[in-house]
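# Descriptive structure summary
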Amino acid sequence: MTPHEPQPAENWWSSSLDYAAVSNVGMQRTNNQDAHIEIPAASKHLWRERGHLFMVADGMGAHAAGERASEMAVLLTSQSYTKRVEQPPHEAIRDAIADAHQQIKLQGESDEAFRSMGTTADVLLLLPEGALNAHVGDSRTYRLRDGWYEQITFDHSLLWELTRKGKVDPSQLPPHIPKNVITRSLGPGSNPKVDLEGPFPLKKGDTFLLCSDGLSGQVEDAEMGQILSLLPPAKAVQALVSLANLSGGPDNVTVTVVKILDLPDPEDRTGEAKFAVKRDPIPPAAWGTLGGAFGLFLMGLLFLMGKEIPLLLSVLSFAASLGSLGAFFALARKSLFPPKERPLNHTRFGSGPYCRVDARPSAPFAEKLLGYCRKLDGATRVRLSEELRKRNDILFRRSSEAFARHDFQQSILLSLEYIDNGYGALWGSGGEPAGGE
């Protein structure tokens, strides 16, 4: 797959992205409990109102339960979000994830085969205002920009929660603390809190990555960032899966990569896109104060008409009536006079990015890849055609020479090509990429 060529501004919503996604069962699992979905906006109107949606979910449970939970999460969340046109995107995606949680929980409670099933949910929305993330669990979203690779989601895991409470670097925590225990998920328990991050203004060249922990648990952030900086999305997702599996592949691996090829036209990047606000019902307390105001007003009239009742009582009743009327408008103000539009760009959610690493080609990563090439050589040589064996021998020699002269970028690219050849011979493609044309 090749990156999109930038198209005229009026077609920005459909031509500005190059994206790819792949999901792989890994080296030690018998079924894949991950799921993903990609829904680019089909029109300029949908781009302005809903944006592009990308999602990854990592299921948990018995053999079929986790797979079912993740499938439900991506389908129900995306469908619910696109239907919520009366809500601004940040409210729509939060409520859509809550809806998916309820449906997954209901199936888990009604069918013994799916009992206690759950899933993570990680959603990236690319909107005129920027990139907005909605997040539950420990699947992650990253952004590559100007040579820096940043994690914009906070893991809902025991490890990260202890880090936040104790303000301790994760690398300093005792090794006995498990890394795979999550504190939030869709399915079990009550409605989980959905973290929102962003919107982060878009910049030409920005590259986003969504993944399950089958990738982030095996491949270091700096290594992911270097691959994204050197390869287009279709090749990057395959290279990342290969590295996760070469590192042991203990879990399913799902990765989506989205690259911004072009920016929207000026009218779409003003950052002032606005969304209709749904009118809330008048609260019961407001109706109570309105009734009290009416009653006090009638009482004041009766006092005023009475011949032997002091005038002061009438004045006090009228004053109390006005006070109650004022309380009614105060309580019902947002319902009676809602703003016609609500600009999303005036709100900033979350505290991300949470981690930041240098994504420039490095000697440690180049050396590590050469080690993988040596490892693959013994495992794949008898399976490769003579032509491909010769090709790989040349690639390895040239990669080693590039490393010796400190051309780490070239060394990494050559090693990744070698690994792609060897990985395909040993395990097959491991998943078909999905992406824009």
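Described in the following lines is the structure provided in the data block.

As a further point, take the side chain of Thr254. Within the fold, Thr254 resides in strand β11 (residues 253-260). Overall, Thr254 belongs to the buried group, its relative accessible area being 0%. Only 2.7 Å separates the side chain of Thr254 from the side chain of Ser23, close enough to count as a polar contact. In terms of polar contacts, Thr254 uses its side chain to reach the side chain of Asp34, at 2.8 Å. Beyond its immediate sequence surroundings of up to four residues, Thr254 is in contact with Val22, Ser23, Asp34, Ala35, His36, Val56, Leu210, Cys211 and Ser212.

The next thing to look at is unusual backbone geometry. The omega torsion of the bond from Gly198 to Pro199 falls at 0 degrees, within 30 degrees of zero and hence cis. Relative to the assigned elements, Pro199 resides in strand β9 (residues 195-200). With an omega of 0 degrees, the peptide bond running from Gly352 to Pro353 counts as cis. The residue Pro353 is located in the loop between β13 (341-343) and β14 (355-358) in this model. Positive phi, close to 50 degrees, is recorded for Asp146, a residue that is not glycine. Among the structural elements, Asp146 can be located in the loop between β7 (140-145) and β8 (148-151). The phi angle at His406 is positive, at roughly 65 degrees, despite the residue not being glycine. Tracing the backbone through its elements, the reader meets His406 in the loop between α12 (386-404) and α13 (408-427). Given the relative accessible area of 58%, His406 is considered exposed.

Reading the values: the criteria
- Residue positions are counted from 1 within each chain, in the order its sequence is given.
- Totals for whole chains, interfaces and linings use every residue, but because this is a predicted model, local features are given only for residues with pLDDT of at least 70 and side-chain atom pairs only at 80 or more, for both listing and counting.
- Remark: hydrogens and water are excluded; side-chain values derive from all non-hydrogen atoms of the structure.
- Helix and strand definitions follow DSSP, with helices as H or I runs of at least four residues and strands as E runs of at least two, each counted in order from the N terminus.
- For the exposure calls, accessible area comes from a 1.4 Å probe over protein chains only, and a residue counts as buried if that area is under 20% of its type's maximum, exposed if over 50%, partly exposed in between.
- Under this definition, polar contacts are N or O atom pairs within 3.5 Å; protein pairs additionally need one hydrogen-donor-capable and one acceptor-capable atom, and for neighbouring residues in sequence, both atoms have to be side-chain atoms.
- Residues count as neighbours in contact if any of their non-hydrogen atoms are within 4.5 Å of one another.

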